[in-house]
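These are the residues of each chain, in order.
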Amino acid sequence: KFEFNPKVGIDNPALTLTEDTDGEGMGEPRFYLLTKDSTETFGFCLHEELGCQGHVIRQIELGGVAQRRGLQDGDRLLQVNGHFVDHMDHLRVVQKIKASGNQVLLAVLDGNSYEAAKSLGRDLSQMLPDDIRPRLCHVTRDKSGFGFSVSCPEGTKGTFQLSVLQDGPADRAGVPPGCWLLELNGDSVKSYSHTQLTRKLKQSGNKVTLLVASSAVEEFYRLRGLRVTAALADTSWLPFKVRELHLVKGPAGYGFLLKEDDCSSGGVGQFLWEVDVGLPAEQAGMKEGDRVLAVNGESIEGLDHEQTVHRIRAREDQVTLLVIDPAGDEFYHSVGFGDVALPWLGS
């Protein structure tokens, strides 16, 4: 059944990248933006199969999100949210998909073309664009302002290009010159007039968060009817960072407690508490109130307290935790991220 949703665009069957493949009859990578609600799955399984190379798409659910978008049984997964994954450990790839929350951008190649490319010694990463990620930037105003100006065609809405002052606040925050503005403080600007955007910027106070895309990235999504969201963004320029803590258990243990509590997102999370002075947890940089995102490189999204504790105790004398402080946690939720561990897991 053909479906149209004005929020996400046409339920598009096959979105292809036109490129010379140097192989007669060889297919091209296809891109799918899968969007589900919190009660659904993406409607497929990812397999690692004996005698079969790559990460294989299997068990496509009849009528599910994956089938409606056009994923095919036997497709090989090449990219997750712009990250090339063909070379990665299978479990890490599964974790990256799970950590995407309710939206994920996949690049796949049909099975026959994948096998043909491998037999020819092709570098599959070269079949994909270099960078298809928008950029999320957090700009702090100085005495000269935010360091960018906005232009848009007269009489239009939602089309804003940024001119960036060299060495100004926006430039230092990673805003590329000539980029297109997609979201302001987590809200789409698609319906904004220039006057409305100016008003929103003034109401932002001294700090503003921008989702921006270069002309090439904007064109990539526009030509394929895909909506760009913050969940797909490059976050390397943001001041809010997750921290990796490596703890080696001492005679008195690790020196912290874990408790389950409400998150800023409205869900439930696992938080670090009662960090003992002088013990391994404090020495590793742990702070009370940090939220745990991953244990030993695996996201704990969806795990309860008992399951998380089991993961921490899985290795007898050491553990590696990925954590974020409350300010960073609240920020990522405000701009529409699913699991903020995503950019750091499996990279």
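Residues numbered from 1 in each chain as written. Predicted model: local features only at pLDDT ≥ 70, side-chain atom pairs only at ≥ 80, totals over all residues. Heavy atoms only, no water.

Under an unreviewed UniProt entry, the name given to the protein is NHRF4 protein, and the source organism is Grantiella picta.

Undergrad: Go over the packing of aromatic side chains with me, naming the residues and quoting the values.
TA: Counted under the stated rule, the structure contains six aromatic pairs. Considering the side-chain rings of Phe31 and Phe220, the 4.9 Å spacing of their centres and the 85° angle between planes classify their relative orientation as edge-to-face. Here the residue Phe31 occupies a position in strand S3 (residues 30–35), and Phe220 occupies one in helix H6 (residues 215–223), the gap between them amounting to 189 residues. Note on Phe31: relative accessible area 0%, which makes it buried. Here Phe240 and Phe331 contribute two aromatic rings whose centre-to-centre distance is 4.4 Å and whose plane-to-plane angle is 20°, an arrangement assigned as stacked. One end of the pair, Phe240, is in the loop between H6 and strand S15 (243–248); the other, Phe331, is in helix H9 (residues 326–334), with 91 residues separating them in the sequence. The class of Phe331 is buried, set by a relative accessible area of 7%. Ring pairs connect the aromatic residues Phe31, Phe220 and Tyr221, which therefore count as one cluster. Directly above the aromatic system of Phe146 lies the positively charged group of Arg141, at a separation of 4.3 Å from the ring centroid. The cationic tip of Lys259 hangs over the ring face of Trp273; the distance from NZ or CZ to the ring centre is 3.9 Å. (Phe/Tyr/Trp six-rings, centres within 6.5 Å; stacked < 30°, edge-to-face > 60°. Helix = DSSP H or I, 4+ residues; strand = E, 2+ residues; numbered from the N terminus. Buried < 20%, exposed > 50% of the residue type's maximum accessible area, 1.4 Å probe, protein only. Lys NZ or Arg CZ within 6 Å of the ring centre and 35° of its normal.)

Undergrad: Which residues make up the pairing of S3, and what are the values?
TA: In terms of residue burial, S3 counts as a mostly covered element, since five of its six residues are buried. One ladder, built from six bridges, connects S3 with strand S8 (residues 103–109); its direction is antiparallel. What sits directly across from Phe31, in S8, is Ala107. (Pairing = 2+ DSSP bridges.)

Undergrad: Please set out the side chain of Thr209 residue by residue, giving values where relevant.
TA: For Thr209, the location among the structural elements is in strand S14 (residues 207–213). Note on Thr209: relative accessible area 5%, which makes it buried. Within the local environment of Thr209, its side chain forms a polar contact with the side chain of His138, the two groups lying 2.8 Å apart. When residues no more than four places from it in sequence are discounted, the contact partners of Thr209 are Leu136, Cys137, His138, Glu183, Leu184, Asn185, Phe331 and Val335. (Polar contact = N/O pair within 3.5 Å; in protein donor to acceptor, adjacent residues only side chain to side chain. Contact = heavy atoms within 4.5 Å.)

Undergrad: Give me the environment of His87: which residues, what numbers.
TA: With respect to the helices and strands, His87 occurs in the loop between strand S7 (83–84) and helix H2 (90–98). Put simply, His87 and Ser125 are 38 residues apart on the chain and 9.6 Å apart in space, counted from C-alpha to C-alpha.

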